[in-house]
Amino acid sequence: MSHLARARLICLFLLSISFLFLNLSLHNRIQGLKNFFLYLASPSSSLATRMFLQGENLSKNFLLQLHLNEENRQLKEKLKEYVHLDTLSKEIIEENEQLRKILQFRERTKYDFISAQVLVRDTQDWYNSVIIDKGALAGIKKDLPVITLEGDKEGLLGRIIEVSPNASKILLLTDSLSAVVGYVPRSKVDGIVEGQGSKEMRFKYILPEMDLKSGDLIVTSGTGGIFPAGIPIGEIVKFEEKKYAPYKEAILTPQVDFSHLREVLVITE
Amino acid sequence: MDVKTIFFYFVTLFLSLLLQIGFRNLLSKFTPNFLLLTVVSISLFRGVFVGEFFGFALGLLSDTLSLNPFGSQAFLYTLVGYLVGRQNGKIDADNSVAQVVLVFLVTLFYLFGLFLLITFFSSAEKKLILFPELILNIGFAVPFFWLMKEWFNLWSPRR
């Protein structure tokens, strides 16, 4: 018998059995056999249901995770925006406060001045110089004195040493090349205030018998030709006496904090 | 036929049933007929003997789980196994177009056959609904044939 004939015979046999089942199903005689097959197949049915339900849950959780990730990313971006806005708002409030102080200062002072903002401050040269955003076009000239405001009090900052059309460089009082004639109003004592390249300054050439004490305010004397008289420079914090030296020296802290310079005032008249 | 080959066909039978039930539970209404696709692919890849026996066994199992007259699926899957199995070696089983055309013809034949058998052997009213299953079967034909081929290669049973 050929391969195909055998296959045909088997097919006919299997079809006959199927047909027999179909006939028996008409008379409900097949139920027992069907139950038997169902008994064999039911584990696979329940297993498949469980597997696919778990798969469905897994895919739902996966989608939820994706959604949460996206939401998290968006919230982080929003948070960044809010942080930026918060910083901006604090800066604006600070600037507003500073401008208000300048306005109040303008009303009570006898000087004419130009307000400017600090543009550049070199980290290597922190206590030596700063660059501001106003220059010759705004009326700034070399050697003009510069002050700054801190709270209700003003303090000397330094003087202009370089001017370009739109920017100027200020030599700070704390620079070691900086020197200004200081005056103690309480005891009417003059001396030279020199910078040291740090946040402290030195009040020099004071005779030992002079009446000075810690906490004394030192202002500009107005005798140097550059700085007008009466601008606060700093306060004495301690004294240094050197053996065999004819003078004593005092250490000053500036009247204003040189670490947080934003707005400065260049005195023109 | 050795034990490994018989075991392979048994596992294939079981997995195709799992796939069919699982998809039916998942999609509830319209699903591809994975049992039919399994019979077609196994008959085309393995020939007429395997096709008709596999079709008969899978049909019987399917009959126990369906409300159709008992024996109807066995009858149709056996016939499909025999007819497609005869094409073994005559049709390029790796050709996607051949796979789609074959699945299209076999699904049409199966649905008409099932409709007739239900009409003759059941009192239940049956409408001939061709399109969802026909389209789904065609859509799944190529990936399913690829999957089956990989599955055969995994076991590499004796041809």
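This is a predicted model, so every value here is computed, not measured. (Residues numbered from 1 in each chain as written. Chains lettered and ligands numbered in written order. Predicted model: local features only at pLDDT ≥ 70, side-chain atom pairs only at ≥ 80, totals over all residues. Heavy atoms only, no water.)

A. Structural detail: the overall build of chain B. For chain B, the helix and strand inventory stands at six helices and zero strands. Walking chain B from its N terminus toward its C terminus, one meets helices and strands in the order α-α-α-α-α-α. Viewed in the frame of its principal axes, chain B has a C-alpha envelope of about 45 × 35 × 30 Å. Here chain B holds 159 residues, and 54% of them are scored as buried. Across chain B, contacts joining residues at least 24 apart in sequence account for 70% of those joining residues at least 6 apart. In the form shown here, chain B has an accessible surface area of approximately 7,500 Å², with 69% of it arising from carbon and sulfur atoms. Each charge class in chain B can be summarised by its mean position, and for the 11 positive and 8 negative side chains these summaries are 1 Å apart. (Helix = DSSP H or I, 4+ residues; strand = E, 2+ residues; numbered from the N terminus. Buried < 20%, exposed > 50% of the residue type's maximum accessible area, 1.4 Å probe, protein only. Contact = heavy atoms within 4.5 Å. Areas by Shrake-Rupley, 256 points an atom, 1.4 Å probe, with all protein chains shown as cover. Lys, Arg positive; Asp, Glu negative; His and termini not counted. Charge placed at Lys NZ, Arg CZ, Asp CG, Glu CD.)

B. Structural view of the sheet that holds strand E3 (residues 145–150) of chain A. Spatial ordering of the closed barrel is given by E1-E2-E5-E4-E3-E12 (chain A), a layout of six strands whose pairing is antiparallel. Taking the axes of each pair of neighbouring strands and ignoring which way they run, one obtains an average angle of 45° across the sheet. (Pairing = 2+ DSSP bridges. Axes fitted to C-alpha atoms, helices over the stretch in contact; angles between N-to-C directions.)

C. Looking closely at the pattern of salt bridges. Residue and element names in this part refer to chain A. In the structure shown here, the tally under the stated rule is 11 salt bridges over all chains. Taking the shortest distance from any N to any O, the salt bridge between Arg-159 and Asp-143 comes out at 2.9 Å. Here Asp-143 lies in the loop between strand E2 (129–132) and E3 and Arg-159 lies in strand E4 (residues 153–163), a separation of 16 residues in the sequence. Assessed through its relative accessible area of 31%, Asp-143 is described here as partly exposed. Residues Asp-216 and Arg-186 are paired through a salt bridge, measuring 2.7 Å at the closest nitrogen-oxygen approach. Taken together, the residues Asp-216 in the loop between strand E8 (201–206) and strand E9 (217–220) and Arg-186 in the loop between strand E6 (179–184) and strand E7 (189–195) connect sequence positions 30 residues apart. (Salt bridge = Lys/Arg side-chain N within 4 Å of Asp/Glu carboxyl O.)

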